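# An overview of the molecular structure
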Amino acid sequence: MSGSFKTRWPPHATIPDMDQRISLITLGVADLRRAMDFYAALGWDGYTPDDDVAFFQAGDMVFGLWSRAKLAEDSTVEDGGGWGGITLAYNCRSREEVDAVLAQAEAGGARIGRLGGETFYGGYSGVFVDPDGHPWEVSHNPFWTITESGAVRLPARS
C-alpha cells in the first residue's frame, strides 16, 4: 500500500496508483481578456491558443483560465454563482516577498482580502482576490522549501 491515510479499498484492487500530483488548475472567469490582463499585470507569461482559453506555465504544473459557464458545463457541475470552495496559494521565499506580491496584485486590480501578517504556524500570509472573485493566499511557510524552479517541497517526515 503506497498511501498512508487509509486502508486501500477494495483490498484486491489491481489498478496502479494514481501519481500524487496535480497537472492543471483552471479558474472559471467572467471575462477572459480581463483575467488574462490581470495575470499579465502580475508578470505571468501565458498564451491563448484560440482566444477561448488561456494557459500559464506555473512551476511544475499548468494554470488555466476559461469561461466560467463553459468550465461548469465541461465539469458537469451546477454553478450557483457562489464561491466554489477553492482557494489557490502562492508560496514565497520570505515575508517581504509576501508583501511585494500582495502589492503587485492590488496594483493589477485585485482586492486585498487580508494584509500580510503572522500565522498560527509561525509563518506569514495574506490574501488577494482576483477580479473574478478567486481568493489567493500568498504565504511564507518557514518549514517548506521552495526550489529554484519554484516547486514547493514539504519537510521530510520522520
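None of the values given here were measured: they were computed from a predicted structure.

For the structure on display, the rule yields five salt bridges. Put simply, Asp132 and Arg34 hold a salt bridge, and the shortest N to O gap is 2.9 Å. Of this pair, Asp132 sits in the loop between strand E7 (124-129) and strand E8 (135-140) while Arg34 sits in helix H1 (residues 32-41), placing them 98 residues apart in sequence. Judged by its relative accessible area of 35%, Arg34 is partly exposed. Of the charged contacts, one joins Asp52 and Lys70 as a salt bridge, the two residues approaching to 2.7 Å between their closest N and O atoms. Here the residue Asp52 occupies a position in the loop between strand E2 (46-47) and strand E3 (53-58), and Lys70 occupies one in helix H2 (residues 68-75), the gap between them amounting to 18 residues. Classification of Asp52 as partly exposed rests on a relative accessible area of 27%.

Glancing now at the environment of Ala35. Structurally, Ala35 can be placed in helix H1. For Ala35, a relative accessible area of 2% puts it in the buried group. Separated by 96 residues in sequence, Ala35 and Pro131 place their C-alpha atoms 7.0 Å apart. With near-sequence residues (within four places) excluded, Ala35 lies in contact with Val29, Leu65 and Asp132.

Rules and cut-offs
- Throughout this document, residue positions are counted from 1 along each chain, in the order its sequence is written.
- At least 70 in pLDDT is required for a residue's local features to be given in this predicted model, at least 80 for side-chain atom pairs to be given and counted, and no such filter applies to totals for whole chains, interfaces and linings, which use all residues.
- Each side-chain value is derived from all of the structure's non-hydrogen atoms; neither hydrogens nor water enter the calculation.
- Only one rule defines a salt bridge in this text: a Lys or Arg side-chain nitrogen within 4 Å of an Asp or Glu carboxyl oxygen.
- Numbered from the N terminus, helices here are DSSP runs of H or I no shorter than four residues, and strands are runs of E no shorter than two.
- For the exposure calls, accessible area comes from a 1.4 Å probe over protein chains only, and a residue counts as buried if that area is under 20% of its type's maximum, exposed if over 50%, partly exposed in between.
- Should any heavy atoms of two residues lie within 4.5 Å, those residues are counted as being in contact.

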